[in-house]
Amino acid sequence: MSDLVYLAIMADPHMPMAQRKQEKAYKDYVDEHVQNVKIVWEKMKENKEVMDYLDSIYSGLSFLISEVDDQIRSHDSSKYGIDEWEPYRKNFNPVDEQEKEDNTADFQKAWEHHYNHNMHHWNWWAKSGNKDAMGLNFVIEMCCDWAAMSMKFGGDAYHWYLSQKDIKLGERQKKWVVNILKKLYGIKE
């Protein structure tokens with residue numbers, strides 16, 4: 001299912017080679033990100049400090065792990081859909097700067113679609129006025145998402161998070177994020 005939009009786009013025999021190259025580059029990027037999210041989640045599950053912490057704040061650790069396993073399997077699946085694919089591709093892998101510039105409104109709409117259909121984004125909870133209700137399972141997936149981005153772009157998700165001023169989380173969710181990421185990275189400060 002996840003490749004249907006990509007395959008349909010790539011089936012166009014009239015597609016210019018420059019666009020074909022960018023479509024493939026974007027697909028590789030999304031595939032790598034999704035794989036990195038899975039890798040981070042596996043590292044978290046193998047990290048005794050992370051698991052002990054989760055066990056201390058959530059009764060039913062095996063249920064929580066199963067729930068997050070399911071979420072991670074479908075992480076960012078909406079990026080492969082018609083509502084997000086081309087606007088995202090044109091933003092992150094444009095054929096030229098004009099294509100990116102012409103795509104600004106469509107990308108904003110695609111980004112809103114993305115966070116409105118993926119509850120691991122704090123934006124979903126903040127926009128709905130329920131930032132304090134974001135569940136631990138979604139916080140874990142969000143941490144995996146951020147750590148996967150740091151695998152690609154360098155640094156670590158913990159220090160990146162501390163540098164962000166616009167993220168709106170409830171107090172409990174902030175504490176979870178800090179503790180999970182510190183334990184994931186072995187930060188003792």
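Residues numbered from 1 in each chain as written. Predicted model: local features only at pLDDT ≥ 70, side-chain atom pairs only at ≥ 80, totals over all residues. Heavy atoms only, no water.

Chemist: Any chance you could break down the overall build of the protein for me, citing the residues and the numbers?
Modeler: A count of helices and strands for the protein gives eleven helices and zero strands. Principal-axis analysis of the C-alpha atoms places the extent of the protein at approximately 55 × 30 × 30 Å. Within the protein, buried positions represent 47% of all 189 residues. Pairs at least 24 residues apart make up 65% of the contacts formed inside the protein by residues separated by at least 6 positions. Of the roughly 10,200 Å² of accessible surface on the protein, 54% is carried by carbon and sulfur atoms. Positive and negative side-chain charges of the protein, numbering 25 and 32 respectively, have mean locations separated by a distance of 4 Å. (Helix = DSSP H or I, 4+ residues; strand = E, 2+ residues; numbered from the N terminus. Buried < 20%, exposed > 50% of the residue type's maximum accessible area, 1.4 Å probe, protein only. Contact = heavy atoms within 4.5 Å. Areas by Shrake-Rupley, 256 points an atom, 1.4 Å probe, with all protein chains shown as cover. Lys, Arg positive; Asp, Glu negative; His and termini not counted. Charge placed at Lys NZ, Arg CZ, Asp CG, Glu CD.)

Chemist: Describe the packing of helix H3 (residues 48-57) against helix H4 (residues 61-73), listing the residues and the values that go with them.
Modeler: Orientation of H3 relative to H4, taken along the N-to-C sense of each, is 115°, at an axis distance of 9 Å. With respect to their mutual orientation, H3 and H4 come out roughly perpendicular. As H3 runs across H4, the sense of the crossing is right-handed. For the pair H3 and H4, the contacting residues are Met-51, Leu-54 and Asp-55 in the first and Leu-61, Leu-64 and Ile-65 in the second. Of the residues that constitute the contact of H3 with H4, the class distribution is five nonpolar, no polar and one charged. (Axes fitted to C-alpha atoms, helices over the stretch in contact; angles between N-to-C directions. Parallel < 35°, antiparallel > 145°, perpendicular 65-115°, else oblique. Left-handed = near helix turned anticlockwise from the far one by under 90°. Nonpolar A, V, L, I, M, F, W, Y, C, P; charged D, E, K, R; others polar.)

Chemist: Quick one: what's the story with the side chain of His-120, residue by residue and with numbers?
Modeler: Its location among the elements puts His-120 in the loop between helix H7 (104-116) and helix H8 (122-127). A polar contact of 3.4 Å, which involves the side chain of His-120, links it to the side chain of Asp-76. In this structure the side chain of His-120 is engaged in a polar contact, spanning 3.2 Å, whose partner is the side chain of His-121. (Polar contact = N/O pair within 3.5 Å; in protein donor to acceptor, adjacent residues only side chain to side chain.)

Chemist: How would you sum up the environment of Arg-172? Please name residues and give values.
Modeler: Tracing the backbone shows Arg-172 in helix H11 (residues 171-185). Judged by its relative accessible area of 47%, Arg-172 is partly exposed. Distance in space between the C-alpha atoms of Arg-172 and Asn-93 is 37 Å, their sequence separation being 79 residues. At a separation of 3.4 Å, a polar atom in the side chain of Arg-172 contacts the main-chain carbonyl oxygen of Asp-132.

Chemist: Account for the environment of Glu-189, naming residues and giving values.
Modeler: Along the chain, Glu-189 turns up in the segment after H11. Each C-alpha atom of the pair Glu-189 and Asp-31 lies 34 Å from the other, and the pair is 158 residues apart in sequence.

Chemist: Please set out the nonpolar core residue by residue, giving values where relevant.
Modeler: Membership of the largest hydrophobic core comes to 36 residues, with the highest contact counts inside it found for Met-44, Leu-54, Ile-140, Trp-146, Val-177, Ile-180 and Leu-181. Contributions of two or more residues to this core are made by helix H2 (17-46), H3, H4, H8, helix H9 (136-153), helix H10 (157-163) and H11. For this core, the leading source of residues is H9, giving ten residues. Grouped together as the second largest cluster of nonpolar side chains are 14 residues, Met-10, Trp-85, Tyr-88 and Ala-110 included. (Core = buried A, V, L, I, M, F, W, Y, C linked by side-chain atoms within 4.5 Å.)

Chemist: Tell me about a negative patch on the surface, residues and numbers included.
Modeler: On the surface, a cluster of negative charge is made up of Asp-96, Glu-97, Glu-101 and Asp-102. Along the chain, Glu-101 turns up in helix H6 (residues 97-102). Looking at Glu-101, the relative accessible area reads 55%, which means it is exposed. (Patch = residues over 30% accessible without salt bridge, like charges linked within 9 Å, V, L, I, M, F, W, Y side chains within 5 Å. Salt bridge = Lys/Arg side-chain N within 4 Å of Asp/Glu carboxyl O.)

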